[in-house]
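A structural walkthrough
Okay, here's what each chain looks like letter by letter:
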Amino acid sequence: IATMGYITPEYFKFPGFLAPHLGLEFSQVPNGLAAISKVPSAGIAQWVFFVGLIETGFLKQDPSRAPGDFANGGTLGVPNAGGPIENEEARKRKL
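Figured I'd write up the structure that's included with this text. Note that this is a predicted model, so its numbers are computed, not measured. (Residues numbered from 1 in each chain as written. Predicted model: local features only at pLDDT ≥ 70, side-chain atom pairs only at ≥ 80, totals over all residues. Heavy atoms only, no water.)

1. With respect to a nonpolar patch on the surface
Our working definition: Every patch collects residues that have over 30% relative accessible area and no salt bridge, joining them within 9 Å if they carry like charges and within 5 Å if they are nonpolar side chains (Val, Leu, Ile, Met, Phe, Trp, Tyr). Here the Shrake-Rupley method, with its probe set to 1.4 Å, supplies the accessible areas, and only the displayed protein chains count as covering residues. For this document, the term salt bridge refers to a Lys or Arg side-chain nitrogen within 4 Å of an Asp or Glu carboxyl oxygen. Numbering goes from the N terminus for both helices and strands, where a helix is a DSSP run of H or I of at least four residues and a strand is a run of E of at least two. When a residue's accessible area, from a 1.4 Å probe over protein chains only, is under 20% of the maximum for its type it is buried; when over 50% it is exposed; and in between it is partly exposed.
Together, Tyr6, Ile7, Tyr11, Phe12, Phe14, Leu33, Ile36, Trp47 and Val48 line one region of the surface with nonpolar side chains, adding up to about 1100 Å² of accessible area. Of all the secondary-structure elements, those providing two or more residues to the nonpolar patch are helix 1 (2-11) and helix 2 (41-58). If one sorts the elements of the nonpolar patch by residue count, helix 1 sits on top with 3 residues. As for its position among the elements, Leu33 is in the loop between strand 2 (24-25) and helix 2. Using a relative accessible area of 61% as the deciding quantity, one classes Leu33 as exposed.

2. Here we look at the layout of surface pockets
Unfilled space is identified by rolling a water-sized probe across the atoms. Let me state the cut-off plainly: Put simply, the grid is 1 Å and covers the protein atoms alone, a cavity is a trapped set of points that fit a 1.4 Å probe, a pocket is an open set with protein on both sides within 12 Å along at least five of seven lines, and lining residues have an atom within 4 Å of a point. Grid points are joined across faces, edges and corners, and a volume is the space filled by probe spheres set on the points. In this count, Pro and Cys sit with the nonpolar residues alongside Ala, Val, Leu, Ile, Met, Phe, Trp and Tyr, while Asp, Glu, Lys and Arg are called charged and the others, Gly among them, polar.
Taken as a whole, the largest pocket encloses approximately 550 Å³ of empty space. Around the largest pocket, the lining comprises 20 residues; the ones closest to its centre are Pro9, Phe26, Val29, Ala35 and Val39. Sorting the residues of the lining of the largest pocket by element identifies helix 1 and helix 2 as the ones contributing at least two each. Broken down by element, the residue count for the lining of the largest pocket peaks at 4 residues, all from helix 1. Of the residues in the lining of the largest pocket, the class split is 13 nonpolar, 6 polar and 1 charged.

Printed below as a string of structure tokens:
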């Protein structure tokens, strides 16, 4: 996924504004890690809020399960992607 984040902006950028109140268009945002410096602080706050919701709600660790084995996570952490790995040995190998 990280690779796609580096490659895709070379060929495609969303039309319109990233931050209309600042006049910042998506086409003005550089590629790669330099893009983070252009994101307004409200956008960074949205990232932190969203990740916090996922960590404290959707992917909450159950003490009765192995570390990283989330009930809502699905196969390889993708929700509803075929369900949990039933074979204990295969699950340990893939985790």
